[in-house]
Amino acid sequence: MTDARLGLTVTHRRYVPYSHAHYAGNLVDGAYALALFGDVATEVCIRTDGDEGLFAGYSDVRFTAPIRAGDIVEVTAQVSRVGTRSRTLELSCAVVCRGRPDRSESAAEVLDPPIVAVTATGTVVVPAAS
């Protein structure tokens, strides 16, 4: 029997404000994506178990492209394993829109295809069912 929680996917989109730029070129630090993974994982836990859950750890974190202030990112979590109290999530952060300051201060464009900036596998835990 397959667990109905397997394959559940939750997606958030967020504008990256210029106040989060940390490095030259308006780059945002990698921890920014990890914080967004925590947000999307919280929703997964609420949907699967009725509890916010806790992040237990990450594995296989890969930073594959920059995230910049002015980007719009799409963060996705998909449940790939369900244990008694733990859930394994496949996580992705993709840049779907990017600012184009080379054109004008407020110019931006939709990226087609999006640029995958960060991927990871995460483990969350939820309280034991009562």
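Calculation notes
Residues numbered from 1 in each chain as written. Predicted model: local features only at pLDDT ≥ 70, side-chain atom pairs only at ≥ 80, totals over all residues. Heavy atoms only, no water. Helix = DSSP H or I, 4+ residues; strand = E, 2+ residues; numbered from the N terminus. Contact = heavy atoms within 4.5 Å. Pairing = 2+ DSSP bridges. Phe/Tyr/Trp six-rings, centres within 6.5 Å; stacked < 30°, edge-to-face > 60°. Buried < 20%, exposed > 50% of the residue type's maximum accessible area, 1.4 Å probe, protein only. Core = buried A, V, L, I, M, F, W, Y, C linked by side-chain atoms within 4.5 Å.

Enquirer: For this particular structure, what's the right way to read unusual backbone geometry?
Expert: Negative phi characterises most residues that are not glycine, and trans characterises most peptide bonds. Between Asp112 and Pro113 the backbone carries a cis peptide bond, its omega angle lying at 10°. Topologically, Pro113 is positioned in strand 5 (residues 108-125). Of note, the phi angle at Asn26 is positive, near 60°, even though the residue is not glycine. Along the chain, Asn26 falls in the loop between strand 1 (9-15) and helix 1 (31-49). Positive phi outside glycine occurs at Asp60, with the angle close to 55°. Inspection of the secondary structure puts Asp60 in strand 2 (residues 54-63).

Enquirer: Just to check I follow, could you spell out the environment of Ala65 for this structure?
Expert: You can see Ala65 is positioned in the loop between strand 2 and strand 3 (72-82). A C-alpha to C-alpha distance of 9.0 Å links Ala65 and Val95, two positions 30 residues apart in sequence. Apart from the residues lying within four places of it in its own chain, the contact partners of Ala65 are Ile115, Val116 and Ala117.

Enquirer: When you look at the pairing of strand 5 in this model, what are you seeing that I'm missing?
Expert: For a regular strand, side chains alternate in direction, first toward one face of the sheet and then toward the other. Where strand 2 lies against strand 5, 7 bridges are found, and the strand directions are antiparallel. The residue bridging Phe63 from the neighbouring strand is Val118, located in strand 5. Taken together, the 13 bridges between strand 4 (residues 86-99) and strand 5 define a ladder with antiparallel strand orientation. By the bridge assignment for strand 5, Leu91 is matched with Ala120.

Enquirer: Looking at this model, I keep getting lost on the packing of aromatic side chains. Mind explaining?
Expert: Here the distance between the centres and the angle between the planes together describe a pair of aromatic rings. Overall, the coordinates contain 2 aromatic pairs when judged by the stated rule. Summarising the aromatic geometry, the rings of Phe37 and Tyr58 are spaced 6.5 Å apart at their centres and angled 45° between planes, so their arrangement reads as tilted. Of this pair, Phe37 sits in helix 1 while Tyr58 sits in strand 2, placing them 21 residues apart in sequence. Residue classification places Tyr58 among the partly exposed positions, given a relative accessible area of 32%.

Enquirer: In this structure, what is going on with the nonpolar core? I would like to understand it.
Expert: Here is a general trend for soluble globular proteins: nonpolar side chains tend to be buried in one another's company. Ranked by internal contacts, the top residues of the largest apolar core, which has 26 residues, are Ile67, Val73, Leu89 and Cys93. For this core, the secondary-structure elements that each account for two or more residues are helix 1, strand 3, strand 4 and strand 5. With 8 residues, the single largest contributor to this core is helix 1.

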